[in-house]
Amino acid sequence: MLEDFINALQNFRRNKTRTFLSLLGVIIGVASVIVITSMGQSSTKEIQATFGSSGLDLVQVSSGFMRRKRDAVTLTFDEAFREDLFNHIENVEKVWYKNTLSATLSYGDTSVTSSCTAVEPGYLEMCGLTLDYGEYFTVTDDVYGAQKVVLGSEVASALFPDGNAVGRTVLAVSSKVPFPFHVIGVLKEQTSGMESSTTGIYIPRGFYAKMIEPNPAASTIMVQATNPQYCTRIVTDVTAYAKEKSGTDGSVNVTSMQSFIEQMNSITKTLSLMLSGIAAISLLVGGIGIMNIMIVTVTERRQEIGIRKALGASPAAIRRQFLVESASITLLGGSLGILLGIAISFAVEYVKGQPFAIQMSACFVAFVFSVFVGIFFGLNPASRAAKLDPVEALAG
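Residues numbered from 1 in each chain as written. Predicted model: local features only at pLDDT ≥ 70, side-chain atom pairs only at ≥ 80, totals over all residues. Heavy atoms only, no water.

**Regarding helix H8 (residues 231-246)**
Working step 1: Along its 16 residues, H8 runs 22 Å from first to last C-alpha, staying within 8% of the 22 Å computed at 1.5 Å per residue.
Working step 2: Where the residues of H8 are buried, they touch strand S1 (58-63), helix H3 (79-88), strand S2 (92-107), strand S9 (220-225), strand S10 (252-256) and helix H9 (257-300).
Working step 3: Immediately downstream of H8, the backbone of Gly247 shows phi near 80 degrees, a positive value. (Helix = DSSP H or I, 4+ residues; strand = E, 2+ residues; numbered from the N terminus. Expected span 1.5 Å × (residues − 1). Contact = heavy atoms within 4.5 Å.)

**Concerning the environment of Ala313**
Working step 1: Position of Ala313 relative to the elements: it lies in the loop between helix H10 (302-310) and helix H11 (315-352).
Working step 2: Discounting residues that sit within four places of it in the chain, Ala313 has contacts with Arg308 and Ile318.

**Here we look at unusual backbone geometry**
Working step 1: Despite not being glycine, Asn91 has its phi angle at roughly 65 degrees, a positive value.
Working step 2: By the element assignment, Asn91 lies in the loop between H3 and S2.
Working step 3: We note that Ser175 has phi near 55 degrees; this positive angle belongs to a residue other than glycine.
Working step 4: In this fold, Ser175 is placed in the loop between strand S6 (169-174) and strand S7 (177-187).
Working step 5: Overall, Ser175 belongs to the exposed group, its relative accessible area being 69%. (Buried < 20%, exposed > 50% of the residue type's maximum accessible area, 1.4 Å probe, protein only.)

**Quick notes on the pattern of salt bridges**
Working step 1: Within the structure shown, the criterion is met by seven salt bridges.
Working step 2: Among the salt bridges present, the one from Lys245 reaches Asp84, with a minimum N-O distance of 3.3 Å. One end of the pair, Lys245, is in helix H8; the other, Asp84, is in helix H3, with 161 residues separating them in the sequence.
Working step 3: A salt bridge links Lys98 to Glu195, with the nearest nitrogen and oxygen atoms 2.4 Å apart. Highlighted residues: Lys98 in strand S2 and Glu195 in the loop between S7 and strand S8 (201-204), separated in sequence by 97 residues. Judged on exposure class, the residue Lys98 and its partner Glu195 are both buried.
Working step 4: Connected through shared salt-bridge partners, Glu79, Arg82 and Glu120 make up one network. (Salt bridge = Lys/Arg side-chain N within 4 Å of Asp/Glu carboxyl O.)

Quick look at the structure:
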């Protein structure tokens, strides 16, 4: 077989143009599969990087638009509901309550309007929001309803261009009611899935309950799972529990970043698989081209085949010779296609600023498939060569 492989390489050298045209279809097919799977893998990594690793263990619950029924019950996100979630939903680490309102912060002649979130102590740390400088809220701040605020990086830069925000007092106006707040921290700009580290304004929920709305129901619930892998199950369980408790569908909206990323990954994989299947068609087209060229090669080398048979070569040896030659074309084409696909993937992802990612399994499958195509489409020409009569071959 090694001798057949060497002879195949020598034949390729004698017919450079024909060999290049034979390789072209295989190279394009393999490279297309590599590029498509690489782009899909890269997009998946980019999605995960965009949302960050924090927040993957959180499930968000908010009021929905339920279809009213005579016996339907309106759900209230009070402390009793928080306790019910702990008792009825498995794999729950903690349940966080928060309230959101619009507020305008002023300092001197500068004002900024943004979303203000009243949160419980420990919530910002749990979300992975890191402080650039300053400190977080404490349990004492929440209990006594301290008038303290943590600012996002952009809000702090707009109000305090000199960069020294901590220790200063800003005036917050919500629903035309002004409240002074003492700035205790500024968040570092970063990627966080559930909260904004740039435009966010955060105050203790204890202050919200004391000065804005006594004994408030939460506008949003954040259910923290014991492990991110349970988020999809928690989404299903909370939805079912809310339906049972309210007596109607749509009483709550339940979402999680983990389930969203899983859905996006599923869509990306499906698209990549579909496009890879389309790209593989070019491999089949290349295989047909190889078969046609091998048939021409058998016709041109009839005398060589006749001489080999006259010297005692068996039909199996003749068949193996042309199969090895056909497989060698696709083996070489598959190797060049993988290199070309990796190079194109790197170039495209570098230009787009996406993380470079290559699926080695896709490279292996594309390579093996290309060799299989060469063997499959080489069978017919090889069988024709093996069946040639040596007398007719020498005569012809």
